[in-house]
Amino acid sequence: MKKLFAILTSLAVASGCHSSFKSLDLVSVEDMKRVVKELSSDQYMGRMPFTEGERLSVSFLADELKSIGFEPAFGESYFQSVPMLMITSKVEGMVKFSVNGKIISFDAPDQVAINSPQPLERVAVESSGLVFGGFGIDAAEWDWNDYEGIDLKGKTLVVMINDPGLYTGDTSLFRGREMTYYGRWTYKYEEAAKKGAEAVLIIHETEGAGYDFNVPRSSSITPRFFIDDKGLTKRCMINGWISAGSAERLFSEMGYNIDMLRSLAAKRGFKPFELDAEFSATISNKISRDSSLNVAGIIRGSVIPDEAVVVTAHWDHFGIGEPQDGDSIYNGAVDNGTTMAWALEIGRMLKRVGKTPERSLILLFPTAEEQGLVGSDYYAQYPPIPMERTIACLNNDMMVPRGKMKDVTMIGYGYSTLDSLYEKVAERQGRYLLPDPNSHTGLFFRSDHFPFHKRGVPSIWAYGCYDSREFGEEWAKSSWDDFIANVYHRPADNYNPDWDWSGIAEDVALAYDVLEELLKANGHKPKMK
Ligand SMILES: [Zn+2]
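K.L.:
Would you mind showing me how to read the coordination of the zinc ion here?
P.N.:
Angles between donor atoms at a metal ideally measure 109.5 degrees for a four-coordinate tetrahedral arrangement and either 90 or 180 degrees for a six-coordinate octahedral one. His314 (NE2), Asp335 (OD) and Asp397 (OD) make up the full set of protein donors to the zinc ion, lying at 2.0 to 2.2 Å. Spacing between the donor residues of the zinc ion along the chain follows H-x20-D-x61-D. Taken together, the residues His314 in the loop between β13 (304-312) and β14 (319-324) and Asp397 in the loop between β17 (390-395) and β18 (407-411) connect sequence positions 83 residues apart. Take His314: its relative accessible area is 0%, and that puts it in the buried class.

Pasting the structure below:
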């Protein structure tokens, strides 16, 4: 390490100018391998919050930050304690709807996947009148309000997943097929609660959700994590999903089917309406409270230290769980070991170049991303440098080491002027920008940059993914699909010493070059579009 540093320093001195050597030459693949091998080894037990695996993970990351030369980001500490509330819900008996006096019952979680986000041991919703609320969206900037003229007090709101643009492809309706945040279930839960509904039920459709019913089904019976904000955030008594088949059965009793409801909902001027039906369910909750740690280090800027760029990579994963092929440790080497290595390597490069940035740089490793962006959301509420002075967030997640990629896939393309900066830098590497080809699944809302974006900070998740320099697009797509089908969120997500790191090395250099511009006092200060 010392030797390498000396060589690089002499290189930098010899060239006399930082931009005259290629940043890719500064990337150390060996350091990245070491980081992933360590963080995804069995002794880290799948890096689950609140376990010995957490203690090992956060102390390893803090030691790395310190050894690179990052100062603690939270006063004297590399750690930020995130108070969390964990709720595991269990539905008692059947979920019942009464339509014109006829009782229709469903099994939970197989037909209706509901939970209660309330820190109460028992939650009962009884004979709550059903309201069909279209897509459940109130968006002034799109001149759209599915809540107009209705009082939701004591009512159960039933909504479609996604947003009106998906099914029509009409780009004058929201973003056409690309999902907006209004299409996410998290938004629908938040908005229904704000509008005073007692419960909210989303009709599941695989295309609109981006995943099959098994996902909400299994998450409804596993512990859910929230920031323990002592009731500050409004939540409904019951949240959940109805499977498409169950929704067809229920609505046919009222003379509707999903196609009819969807086309009503997607029409401009839609108005919510009451249904001749009532919803009843009882849930018992197991509640616990604990805290977990975000980890972050800072290099203070020499000119504008109170403005920062934040680079994020969540440290947590799923711990020890259901065994598959005799393995029960969810090591999370790719999700998110390789990305932590990417982030640390960016920090190391800055130190190797030996120039203090003019703005501050924060490397942040949030906790509980897998449980709903809890750590990054908490950081964004209580940041060491305020969100108004955080000029950008560069995130990554699930970087699969499989050689160099020609594309820079931009998850979050079109939301800020970071696009043009990345385009310029990507060109230098002979690469091109690729707006996320699966943007209808809303991946942009599902990783740690999103709490930043939500608060007005230009944010991006950018990496090579879909076009291999060596093997082309088809190969890249099928190797990605193979990762999602066989490795992603499974015990098979293990470290492999034979990985080809050359693509991640290019992604490190890419982020480094972007940062060089962002960290300059008179460099590119991105704006939201
Ligand atoms: Zn991840």
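Now that the structure has been shown, we can carry on.
K.L.:
Can you walk me through the pattern of salt bridges in this structure?
P.N.:
Once their charged atoms are close, side chains differing in charge can pair, the charge on each being opposite to the other. Inspection of the entire model under this criterion finds 35 salt bridges. Asp306 serves as the salt-bridge partner of Arg389, at 3.8 Å between the closest nitrogen and oxygen. Remark: Asp306 occurs in strand β13 and Arg389 occurs in the loop between α11 (374-381) and β17; sequence separation between them is 83 residues. What emerges from the salt-bridge pattern is a single network uniting Asp31, Arg34, Glu64, Glu345, Arg348 and Arg352.

K.L.:
Sorry, what's going on with the packing of helix α12 (residues 418-428) against helix α15 (residues 502-518) here?
P.N.:
Two quantities define a packed helix pair, namely the angle between the helix axes and the distance between the axes. Contact geometry of α12 with α15 gives a least axis separation of 9 Å together with a crossing angle of 130°. Between α12 and α15, the angle is such that the two are oblique. With respect to the hand of their crossing, α12 and α15 are arranged in right-handed fashion. Contact residues: Leu418, Leu421, Tyr422, Lys424, Val425, Ala426 and Arg428 in α12; Leu510, Asp513, Val514, Glu517 and Leu518 in α15. Along the lines of polarity and charge, the residues of the contact of α12 with α15 split into eight nonpolar, no polar and four charged.

K.L.:
Looking at this structure, I do not really get the packing of helix α3 (residues 52-68) against helix α10 (residues 333-353). What am I missing?
P.N.:
With their axes 10 Å apart at the nearest point, α3 and α10 run at an angle of 15° to one another. Taken together, the axis directions place α3 and α10 in an arrangement best described as roughly parallel. When you trace α3 past α10, the crossing you get is right-handed. The residues of α10 that touch α3, namely those facing Leu61, Glu64, Leu65 and Ile68, are Met340, Leu344, Gly347, Arg348 and Lys351. A breakdown of the residues in the contact of α3 with α10 according to their chemical character gives five nonpolar, one polar and three charged.

K.L.:
Which parts of the structure should I look at to understand the packing of aromatic side chains?
P.N.:
For any pair of aromatic rings, the description rests on two quantities: the centre-to-centre distance and the angle between the ring planes. Evaluated as defined, the whole model comprises 32 aromatic pairs. Measuring from ring centre to ring centre gives 5.7 Å for Tyr379 and Phe452, while their planes differ by 35°; the resulting arrangement is tilted. Of this pair, Tyr379 sits in helix α11 while Phe452 sits in helix α13 (residues 450-454), and the two are 73 residues apart along the sequence. Joined through ring pairs, the aromatic side chains of Trp142, Trp144, Phe174, Tyr181, Tyr182, Tyr187, Tyr415, Phe444, Phe445 and Phe450 make up one cluster. Above the plane of the ring of Tyr147 lies Lys195, whose end atom (NZ or CZ) is 4.9 Å from the centre.

K.L.:
Please clarify how the nonpolar core should be interpreted in this entry.
P.N.:
Ranked by size, the top nonpolar core spans 121 residues in total, and within it Ile114, Leu250, Phe279, Phe365, Leu394 and Tyr422 carry the most contacts. At 11 residues, the largest contribution of residues to this core is made by α10. Looking at which domains feed residues into this core, each of domain 1 (2-9 + 23-77 + 300-518) and domain 2 (85-287) gives three or more. Ignoring anything within four residues of it in the chain, the contact list for Tyr422 reads Leu394, Val408, Met410, Leu433, Ile460, Ala462, Leu510 and Val514. Membership of the second largest hydrophobic core comes to 18 residues, among which are Ala113, Ala197, Phe213 and Trp241.

K.L.:
What exactly am I supposed to notice about helix α2 (residues 29-39) here?
P.N.:
Residues three or four positions apart in an α-helix share a direction because the helix packs 3.6 residues into each turn. For α2, every residue scored as buried is listed here: Asp31, Met32, Val35, Val36 and Leu39. Each buried residue of α2 lies within a common arc of 125° when the element is viewed along its axis, so the set occupies one face. Opposite its buried face, α2 presents the exposed residues Glu30 and Lys37, each directed more than 90 degrees away. Check the buried side of α2 and you find it contacts α3, α10 and α15.

K.L.:
When you look at the pairing of strand β2 (residues 79-99) in this model, what are you seeing that I'm missing?
P.N.:
Every other side chain in a regular strand lies on the same face of the sheet, so the side chains alternate between the two faces. Inspection of the sheet shows β2 paired to strand β12 (residues 273-299) by 18 bridges, in the antiparallel sense. Across the sheet, residue Pro83 finds its bridge partner in β12, namely Ser291. Taken together, the four bridges between β2 and strand β10 (residues 224-227) define a ladder with antiparallel strand orientation. Bridge pairing in β10 links Met84 to Ile227. The pairing of β2 with strand β3 (residues 102-106) spans five bridges and is antiparallel. For Ser98, the partnering residue across the bridge sits in β3 and is Ile103. Counting the residues in the hairpin turn of β2 and β3 gives two residues, including Asn100, whose phi is positive at 50°.

Calculation rules
- Residues numbered from 1 in each chain as written.
- Predicted model: local features only at pLDDT ≥ 70, side-chain atom pairs only at ≥ 80, totals over all residues.
- Heavy atoms only, no water.
- Donors = N, O, S within 2.8 Å, 3.2 Å for Na, K, Ca; no water.
- Helix = DSSP H or I, 4+ residues; strand = E, 2+ residues; numbered from the N terminus.
- Buried < 20%, exposed > 50% of the residue type's maximum accessible area, 1.4 Å probe, protein only.
- Salt bridge = Lys/Arg side-chain N within 4 Å of Asp/Glu carboxyl O.
- Axes fitted to C-alpha atoms, helices over the stretch in contact; angles between N-to-C directions.
- Parallel < 35°, antiparallel > 145°, perpendicular 65-115°, else oblique.
- Left-handed = near helix turned anticlockwise from the far one by under 90°.
- Contact = heavy atoms within 4.5 Å.
- Nonpolar A, V, L, I, M, F, W, Y, C, P; charged D, E, K, R; others polar.
- Phe/Tyr/Trp six-rings, centres within 6.5 Å; stacked < 30°, edge-to-face > 60°.
- Lys NZ or Arg CZ within 6 Å of the ring centre and 35° of its normal.
- Core = buried A, V, L, I, M, F, W, Y, C linked by side-chain atoms within 4.5 Å.
- Domains from an automatic or database assignment.
- Arc of directions from axis to C-beta.
- Pairing = 2+ DSSP bridges.

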